[in-house]
Amino acid sequence: MTTASAELGRARFTLRREPMFPLWSIFGVAAVVAILATYPLYGTEYVMNLLGMFVCFSIFALSISLIWGFAGILSLGQAIYFGMGAYFIALSLKLSYAAENPTRYGGTIPDYMEWNGLTEVPAIMAPLMHIEVAIVCLLFFPTLLAFIFGVITFKRHIYGVYCAVITLAEALILQEFIIEYQAYTGGFNGITDYETYNNMYFLWVILAVAVLLFGTSRLLTHSRIGTVLKSVRDNDVRAEFNGYEVANYRIFVFCFASMMAAIAGGLYAAWMGIVSHLDTGPILSIEGVIWAAVGGRATVIGPFIGTFLVKGAEFFLSQQLAWAWQLVMGLLFIFVVKFMPEGIMGTIGKSIAMGRQRRAYAESQDAYQSGPMAVVARLRAAFTDGNRGFMDNLLGRSGRRD
Amino acid sequence: MKINRRRFLKTAALTGTAAAFPYFYTQKFAKAEESDEIKVGILHSLSGTIAIIERSLHNAELMAIEEINAAGGVMGGKKLVPVVEDPQSVVRVFRQKAKKLLLQDKVVAVLGCYTSASRQSVLPEFENNNGILLYPTLYEAQECSYNCFYTGAVPNQQLDDFAPWVIDKFGPRHYLIGANYIYPKETNREWKALLDNFGGETVAEEYAPLGHTEFATNINKIASLQPDVVFSTLVGDQIVAFYKQFKQFGITAEDIPICTPITTEQEIKGMGPEYALGHYTSFNYFQSVDSPENADFVSRYKATYGEDEVTNAVMEAAYFQTYFLAQALDKTGSTDADALITEGLPGQEFQAPQGKVKIDEKNHHTYLWARIGQAREDGQFDIVWKSEDWIRPDPWVDLLYPDRDCDFTDPRVIERIKSGDRDRSGTIEI
């Protein structure tokens, strides 16, 4: 038994940091993106439409996962930001559509404005007609709102259930506001009938944005900030004692997640061609929480899996079992909550981690210390062990970073 | 190595499932074309907030399809096959299910939607894919799409005769209450214009948020203002809550009658007949209409769906619009959408439970009868007034929009639709 291999065994057994982008994740993401991106070539338009929507929703679920799974903020009003993004884009497309098609509504303003007695687009909304303005608004205002909310909530140490209740109330308020000010928002009927971007190229745009946001989230959660966030989630008092300004971390991740939700909303509006008050309210918010929970809230890829699984099952079951699909969905949720409290990816990740530990233990028990198996073990370590460099692993050097 | 294999299997199974998902999903829909069947989409919510009323429309349409098939089908023996979808009372899902029916199932037409919100959400889909929607609900009008046929009432068919009758019978001072969305607002606009015309006046006009069911302040106000009539355009659960609280406050129909173009037998069944007793509704159809077709319709419906069921005006329209479609298919002998829209459906007549009805040749709306009913102890209506003839639908009400009309036979509209413009409305300035 050499010193190096003994160290190898011990190091693997004691502390292990996942690499930022494990090999399997890169291949997995590439495969999924390739399937989705080429789907329109061999698939049907209807399913393409669903897939695009699922991707938008998965970004939304990711934003919930970031604040809930990684920072311990349970928001039941995340659809506020999704809805804001969606409304900015929908309004913009609707205004330009009305202006370009004067015969459609007998005027150059959207139909719902005319019904509500407006004769021209209100000055404050007119600039939205340019899509660039709408995109800037989409990036700026939801983030600003999240910042204001974060400052008045997290700085006052309001967390947990109270935070959930406040966000829920906010979602209800925004929903009521949209229904009430129907001359500007389309009210209960929502905004529909505008130029929709429902084609393969826009699907690629959605996918590109999704990959970017999922990648950024992975970077964020596996950086130093991510580690601090997890410690804040697990024990905020102790994190504070250790000298971290807990509220600032929470505000930061909340703003980031809200901007992400707004982007998801904007893509959704352009893709679907319809936005209504339901897209800003508590129901969508809670649905998002479910998607994140089913997929695995403390993982980055979990929300994607969860959204596709739950929404896919919903659409599949509602046409196969129109009479009982809600019952089946309910049972599915109970099953997941009961047997996989960490969600699907959380549970898988846990069992993999346990398997690794067991394996590392076996290795430390001299199983792979010498002979041909040691080479295999080192090769594998080189690709999977983020604790040490590639060459360190291969040569069995210690080279620990932590 | 054992662990390694297990891990490999797990990963492979997961990736395989993920990769196969779209394939299975597509396969699911790849059904063989059956030439002796014609698919018809049924798009009404079977779950969610508006499921109660929409389920009755769904039932009426399925019953009509069964009857048509039993009588030998359409186009010389082909069967109508319903493709049922549940849009869950959510407009987004309405839109997606409409897309599915049009693109996957390639249905010849869709019978569907109840609220204006859902109709507006699916219309772009029908226009982009040149589908046909038959829409059975009364609605606020001011719309006419090439790809939609409206078999429910528009305001001029429910209000034009109702307003003078109410003013004449009860008096000119009206209190207007409605739900805060487009249908009540537009209806009230028309009602106020009619009041102006016939010498009435509005003492107050108030809107309650949708879903709001607490009316104490409104009823207090009614009690202090003492209007001659309450004109209500509340919808859904609000109707039940308002009638109940109105009676519990101590105002009876003899003191101040509630007049409305919305409350049907369905809502009265929901609240209990004692609360609606004596109040008035204007509609094209009531279950108590005395005609052989209606007696037949009601008994068949009860036999199929249960003795406790009541029929209502919207489901009557859902029922006869299915026949419109069947007759149009017979007439054109093809399932081509443009043939059905330009030749098949316009001008189609049917002896419906409410009387003879007809789709207007020009504007895609339907000639209907007007009736005024007073609610009885048994939850049915006494029909106290009936129009002498069917009433022509006018989607752009003359009183409010004198210089607009809807006419699909106008050369400008034909040109617009031929040119492939995304704008497929039949609205013109005259």
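Residues numbered from 1 in each chain as written. Chains lettered and ligands numbered in written order. Predicted model: local features only at pLDDT ≥ 70, side-chain atom pairs only at ≥ 80, totals over all residues. Heavy atoms only, no water.

**Description of the overall build of chain A**
If you tally the helices and strands in chain A, you get 19 helices and 2 strands. Taking all 402 residues of chain A together, 53% fall into the buried category. A separation of at least 24 residues holds for 76% of the contacts in chain A among residues at least 6 apart in sequence. Carbon together with sulfur atoms contributes 69% to the accessible area of chain A, which is approximately 17600 Å² in total. (Helix = DSSP H or I, 4+ residues; strand = E, 2+ residues; numbered from the N terminus. Buried < 20%, exposed > 50% of the residue type's maximum accessible area, 1.4 Å probe, protein only. Contact = heavy atoms within 4.5 Å. Areas by Shrake-Rupley, 256 points an atom, 1.4 Å probe, with all protein chains shown as cover.)

**Notes on the state of the cysteines**
Structurally, a disulfide amounts to a covalent bond that connects the sulfur atoms of two cysteines. Residues and elements named next belong to chain B. Applying the stated criterion across every chain yields a total of 1 disulfide over all chains. With its sulfur 2.2 Å from that of its partner, Cys144 forms a disulfide with Cys406. Given an S-S torsion of about 125°, the disulfide between Cys144 and Cys406 has right-handed geometry. In this pair, Cys144 sits in the loop between β4 (133–135) and β5 (148–150) while Cys406 sits in strand β16 (residues 404–406), placing the two residues 262 residues apart along the sequence. For the residue pair Cys144 and Cys406, the accessibility class agrees, reading buried in each case. Unpaired in this structure, Cys148 has its nearest cysteine sulfur neighbour in Cys113, at a distance of 8.0 Å. (Disulfide = S-S within 2.5 Å.)

**Section: the domain arrangement of chain B**
Residues and elements named next belong to chain B. According to the domain assignment, chain B contains domain 1 (37–155 + 290–368 + 398–429) and domain 2 (160–260). Here the C-alpha centre of domain 2 lies 30 Å away from the C-alpha centre of domain 1. Listed per partner, the contact involves 8 residues of domain 1 and 9 residues of domain 2. Here domain 1 and domain 2 share an interface that buries about 840 Å² over both sides, 65% of which is from carbon and sulfur atoms. Taken as a group, Glu140, Leu399 and Leu400 account for 58% of the area that domain 1 buries against domain 2, more than any other trio of residues on that side. (Domains from an automatic or database assignment. Buried area = accessible area lost by both parts, 1.4 Å probe.)

**Here's the deal with the interface of chain A and chain B**
Every contact between the two is made by 57 residues of chain A and, on the other side, 53 residues of chain B. Summed over both sides, the interface of chain A with chain B buries roughly 5100 Å², with 53% coming from carbon and sulfur. For the pair chain A and chain B, the number of links is 2 salt bridges. Along the contact surface separating chain A from chain B lie 7 residue pairs in polar contact (both at pLDDT 80 or more). Taken together, the residues that form the side of chain A that touches chain B break down as 25 nonpolar, 19 polar and 13 charged. (Salt bridge = Lys/Arg side-chain N within 4 Å of Asp/Glu carboxyl O. Polar contact = N/O pair within 3.5 Å; in protein donor to acceptor, adjacent residues only side chain to side chain. Nonpolar A, V, L, I, M, F, W, Y, C, P; charged D, E, K, R; others polar.)

**Remarks on the pairing of strand β6 (residues 173–179) of chain B**
All names here are of chain B. Burial analysis of β6 places 6 of its 7 residues in the buried class, which makes it a mostly covered element. Bridge count for β6 against strand β7 (residues 201–208) is 7 bridges, and the pairing is parallel. Paired with Gly178 across the strands is Tyr207, a residue of β7. As for the winding sense of the linkage, the β-α-β connection from β6 through helix α7 (residues 182–197) to β7 is right-handed. As judged from the 5 bridges shared by β6 and strand β8 (residues 229–233), these two strands associate in the parallel manner. Opposite His174, over in β8, you have Val229 as the bridge partner. (Pairing = 2+ DSSP bridges. Right-handed = clockwise from strand over helix to strand, strands pointing away.)

**Notes on the packing of helix α3 (residues 45–70) of chain A against helix α11 (residues 224–234) of chain A**
Residues and elements named next belong to chain A. Between α3 and α11, whose axes approach to 8 Å, the crossing angle comes to 60°. Relative to α11, α3 is oriented oblique. Each of Trp68, Gly69 and Phe70 in α3 lies in contact with α11, whose residues at this interface are Leu229, Lys230 and Arg233. For the contact of α3 with α11, the per-class residue count stands at 3 nonpolar, 1 polar and 2 charged. (Axes fitted to C-alpha atoms, helices over the stretch in contact; angles between N-to-C directions. Parallel < 35°, antiparallel > 145°, perpendicular 65-115°, else oblique.)

**Topic: the confidence of the model for chain A**
Residue and element names in this part refer to chain A. Scored by pLDDT, chain A comes out at a mean of 85, with 89% of its residues at no less than 70. Low pLDDT (under 50) marks residues 1–6, which in the prediction has 5 contacts with non-local residues, meaning those over four places away or in another chain. This stretch, residues 9–14, has a pLDDT under 50; its non-local contacts, to residues over four places away or in other chains, come to 9 contacts. (pLDDT = per-residue confidence, 0-100.)

**Some details on the pattern of salt bridges**
Per the counting criterion, the structure on display carries 27 salt bridges over all chains. Ionic pairing is found between Glu85(B) and Lys97(B), a salt bridge with its closest N-O pair at 3.2 Å. Residue Glu85(B) is located in strand β2 (residues 79–85), and its partner Lys97(B) is located in helix α3 (residues 91–103); the two are separated by 12 residues in the primary sequence. In this structure Glu85(B) comes out as buried when scored by relative accessible area, which is 1%. Here Arg412(B) makes a salt bridge to Asp410(B), at a shortest N to O gap of 3.2 Å. A relative accessible area of 46% means that Arg412(B) is categorised as partly exposed. Each member of the salt-bridge network shares a partner with another, and the members are Glu45(A), Arg95(B), Lys99(B) and Glu125(B).

**Some details on the nonpolar core**
One finds Met53(A), Phe60(A), Phe154(A), Val230(B), Phe242(B), Phe246(B) and Leu329(B) to be the most contacted residues of the largest nonpolar core, which totals 206 residues. Among the elements that take part in this core, helix α13 (residues 246–272) of chain A stands out by supplying 20 residues, more than any other. Counting only domains with at least three residues in this core, you end up with domain 1 (37–155 + 290–368 + 398–429) and domain 2 (160–260) of chain B. Leu329(B) has contacts with Ile38(B), Val74(B), Met75(B), Leu80(B), Val108(B), Ser334(B), Thr335(B) and Leu340(B), leaving out every residue within four places of it along the chain. Core analysis: the next-biggest nonpolar cluster, separate from the first, contains 19 residues, Ala98(B), Leu101(B), Phe126(B) and Tyr135(B) among them. (Core = buried A, V, L, I, M, F, W, Y, C linked by side-chain atoms within 4.5 Å.)

**Thoughts on helix α6 (residues 162–170) of chain B**
All of the buried residues along α6(B) are Phe162(B), Ala163(B), Trp165(B), Val166(B) and Ile167(B). After α6(B) finishes, the residue Gly171(B) shows a positive phi value of roughly 130°.

**Side note on the environment of Ile65(B)**
Residues and elements named next belong to chain B. Summarising the element assignment, Ile65 is placed in helix α2 (residues 51–70). Take Ile65: its relative accessible area is 2%, and that puts it in the buried class. Every residue in contact with Ile65, bar those within four places of it in the chain, is listed here: Ile42, Leu80, Pro82 and Thr322.

**Some points on the sheet that holds strand β3 (residues 109–112) of chain B**
All names here are of chain B. Taken together, the 5 strands give an open sheet; going across it, the order is β2-β1-β3-β4-β5, and neighbouring strands pair in parallel fashion. Where the open sheet ends on each side, the last strands, each with one partner, are β2 and β5. Recorded for the sheet is a direction-independent mean angle of 25° between the axes of neighbouring strands. Examined bridge by bridge, strand β1 (residues 37–43) and β3 share 4 bridges and lie parallel to one another.

**Points about the sheet that holds β7(B)**
The strands making up a sheet associate through backbone hydrogen bonding, with each pair oriented either parallel or antiparallel. All names here are of chain B. Read from one edge to the other, the open sheet built from 7 strands follows the order β7-β6-β8-β9-β10-β14-β15, with strand pairing classed as mixed. Two strands in the sheet have a free side with no partner beyond their single neighbour: β7 and β15 (381–386). Sheet twist, expressed as the average angle between the axes of neighbouring strands with direction ignored, equals 25°. Relative to strand β14 (residues 371–375), strand β10 (residues 280–283) runs antiparallel, the two sharing 4 bridges. Of the residues in β14, the one forming a bridge with Phe283 is Arg371. Its contacts with the sheet place α7 against β6, β7 and β8, and it is angled at close to 175° to β7.

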